[in-house]
Amino acid sequence: MVNMKAPAAILLSVLILSAQEDLPRRSDITVTTKVVIAPTTVTDNDGRFVNGLQVGDFVLTDNDRPQRITADIVFQPISMVVAVQANSQVEGLLPKIQKIGPAVSALVTGDSGEVAVMCFDHRVQTLQEFTSDPTKLDAAFKKLKPGSSSSVLNDATMQAINLLKNRPQNRRRILMLISETRDVAGSIRPREVLHSAQFANVLIYSVNIGHLLSSLTKSAPYTRPQAIPAEARHSPTGGVMTPTEMSQTYDTGNFIPAFVEIFKGVKGIFIDNPSELYTKFTGGREYSFGTQKGLDKALTDIGEELHSQYLLSYTPDNIIEGGFHNIAVRVKGRSNVKVRTRPGYWIAGGSQ
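Residues numbered from 1 in each chain as written. Predicted model: local features only at pLDDT ≥ 70, side-chain atom pairs only at ≥ 80, totals over all residues. Heavy atoms only, no water.

Peer 1: Would you take a moment to explain the overall build of the protein chain for this structure?
Peer 2: Scanning the protein chain for helices and strands turns up 10 helices and 16 strands. Taken over 352 residues, the protein chain has a buried fraction of 51%. A separation of at least 24 residues holds for 82% of the contacts in the protein chain among residues at least 6 apart in sequence. About 15,900 Å² of surface is accessible on the protein chain, with carbon and sulfur atoms providing 52% of the total. (Helix = DSSP H or I, 4+ residues; strand = E, 2+ residues; numbered from the N terminus. Buried < 20%, exposed > 50% of the residue type's maximum accessible area, 1.4 Å probe, protein only. Contact = heavy atoms within 4.5 Å. Areas by Shrake-Rupley, 256 points an atom, 1.4 Å probe, with all protein chains shown as cover.)

Now the structure itself:
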């Protein structure tokens, strides 16, 4: 049996449980993976969540090899870090973010959850250690103030992962980034972040602030509008995507070559959207917002996803295969359902 609920989106993330607690500083890491946990959300073609599925209803493959699925029936309370970009670029949006403390507590973590709050510009600061007290959370978000023009997204993501990896292993470890999708002046490479997220079993969600929107809302001199009307232009890199654009671009399979090159340390790789990279690799989901209503809706959707997952697990029988392991899950005899799956995980060493 598995603890099976299902409310409002399609999600499969893969979390690697390793005997190795801390991430070595070496780049050629070798890990013995014992159990892979795959929280899975299933919907029908109309977006309604499919309830009541059992372990035997699922087929899970690892590098195209069917695996024996087990299930974790133990409820896992949530430990979440909310990391907010608080620099001069997003000054006009911070008042909206300052209001989300009660929503994070009520909609995302539940009674048994705990939240820590961080902010970053050229620095990374912890505004609130892990707490279940809604009053403290509300006060922490109200402390958000605009800082410098830098945004060390990668550094902030790494520090959040480090906070989460010290939480008990019986807690689900969630990171929510509320920021632009790019890193400005950070010192951490995306490869280091991906390694750490995998070993610490962290699921990453992003609520994106489009660069165009932040430019329009920050305190800055008036700039001349573009001659091409907005409806005739493509969304710029880091811009706020429409739901249609987001659904069209959310294809994790297309990211597998990028993951492989990043983990192999191929030189010359430029990642202009690390936020998207982290959500796709860990199995989270991207949202975007420009209004208070949009931000509240993103939090509601994240809360529903977190509390609607089938917790599938398996011990890979092909662990000697190094490199990227592709994960796929389907429901037997149900072609009318959709399952979102993280593309896989990385194992260094072995045959590449």
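Moving on, there is more to tell.
Peer 1: Looking at this model, I keep getting lost on the side chain of Ser150. Mind explaining?
Peer 2: Along the chain, the position of Ser150 falls in the loop between α3 (134-142) and α4 (153-165). On the accessibility criterion, Ser150 (17% relative accessible area) is buried. Beyond its immediate sequence surroundings of up to four residues, Ser150 is in contact with Asn87, Asp121, His122, Val184 and Ala185.

Peer 1: Explanation requested: the pattern of salt bridges in the structure shown.
Peer 2: Side chains that differ in sign of charge can pair as their charged atoms come close. On inspection of all chains with the given rule, the structure shows 14 salt bridges. A salt bridge links Glu286 to Lys280, with the nearest nitrogen and oxygen atoms 3.8 Å apart. What makes Glu286 buried here is its relative accessible area of 6%. With relative accessibility at 1%, the residue Lys280 sits in the buried group. Across the pair Arg285 and Glu305 runs a salt bridge, and its minimum N-O distance is 2.8 Å. Taken together, the residues span a long stretch of sequence, with Arg285 in the loop between α9 (274-282) and β12 (286-288) and Glu305 in helix α10 (residues 292-306) at a distance of 20 residues. (Salt bridge = Lys/Arg side-chain N within 4 Å of Asp/Glu carboxyl O.)

Peer 1: Would you explain the sheet that holds strand β14 (residues 323-331) in this entry?
Peer 2: Two modes of strand pairing occur in sheets, parallel and antiparallel, and in both the strands are linked by backbone hydrogen bonds. Strand order in the open sheet formed by four strands is β5-β4-β14-β16, with antiparallel pairing between adjacent strands. Two strands in the sheet have a free side with no partner beyond their single neighbour: β5 (65-66) and β16 (344-347). Contacts from helix α8 (residues 256-264) reach β14 and β16 within the one sheet, and its direction differs from that of β14 by about 150°. (Pairing = 2+ DSSP bridges. Axes fitted to C-alpha atoms, helices over the stretch in contact; angles between N-to-C directions.)

Peer 1: How do you make sense of helix α5 (residues 190-199) when you look at a structure like this?
Peer 2: Within α5, nine of the 10 residues are buried, leaving the element largely enclosed by the surrounding structure. Among the residues making up α5, those that are buried are Pro190, Arg191, Val193, Leu194, His195, Ser196, Ala197, Gln198 and Phe199. Just downstream of α5, Asn201 is the residue with a positive phi angle, here 60°.

Peer 1: Just checking my understanding: could you explain the nonpolar core for this structure?
Peer 2: Soluble globular proteins tend to bury their nonpolar side chains together. Ile97 and Ile178 are the most contacted members of the largest nonpolar core, which totals 35 residues. Those elements that provide at least two residues to this core are β7 (78-85), α1 (94-97), α2 (101-109), β8 (114-120), α3, β10 (172-179), β11 (202-208) and α10. With five residues, α10 is the single largest residue contributor to this core. Not counting residues within four places of it along the chain, the set of residues in contact with Ile178 comprises Val82, Ala83, Val84, Gln85, Ile97, Ile100, Val207, Ile209 and Phe289. Counting residues in hydrophobic clusters, the runner-up holds 33 residues, among them Val81, Ala160, Ala197 and Phe281. (Core = buried A, V, L, I, M, F, W, Y, C linked by side-chain atoms within 4.5 Å.)

Peer 1: Is there a simple way to think about the packing of aromatic side chains in this case?
Peer 2: One pair of aromatic rings is described through two measures. These are the centre distance and the angle between the planes. Summed over all chains, the structure comprises six aromatic pairs. For the pair Phe263 and Trp346, a centre-to-centre distance of 5.1 Å together with 5° between the ring planes defines the contact as stacked. Taken together, the residues Phe263 in helix α8 and Trp346 in strand β16 connect sequence positions 83 residues apart. We classify Trp346 as buried; its relative accessible area is 6%. Of the aromatic side chains, those joined through ring pairs into one cluster are Phe255, Phe259, Phe263, Phe281, Phe324 and Trp346. We note Lys280 situated over the ring of Phe255; from NZ or CZ to the ring centre the distance is 4.9 Å. Over the ring of Phe281 we find Arg342; its NZ or CZ atom is 3.7 Å from the centre of that ring. (Phe/Tyr/Trp six-rings, centres within 6.5 Å; stacked < 30°, edge-to-face > 60°. Lys NZ or Arg CZ within 6 Å of the ring centre and 35° of its normal.)

Peer 1: Explain the packing of α8 against α9 to me, please; I cannot follow it from the model alone.
Peer 2: Packed helices, taken two at a time, are described by the angle their axes make and the gap between the axes. Two elements in contact, α8 and α9, have axes separated by 11 Å at closest approach and are oriented at 100°. Considered as vectors, α8 and α9 are oriented roughly perpendicular to each other. Across from Phe259, Ile262 and Phe263 in α8, the residues of α9 making contact are Leu277, Lys280 and Phe281. A per-class count over the contact of α8 with α9 returns five nonpolar, no polar and one charged. (Parallel < 35°, antiparallel > 145°, perpendicular 65-115°, else oblique. Nonpolar A, V, L, I, M, F, W, Y, C, P; charged D, E, K, R; others polar.)

Keep in mind these values describe shape, not function.
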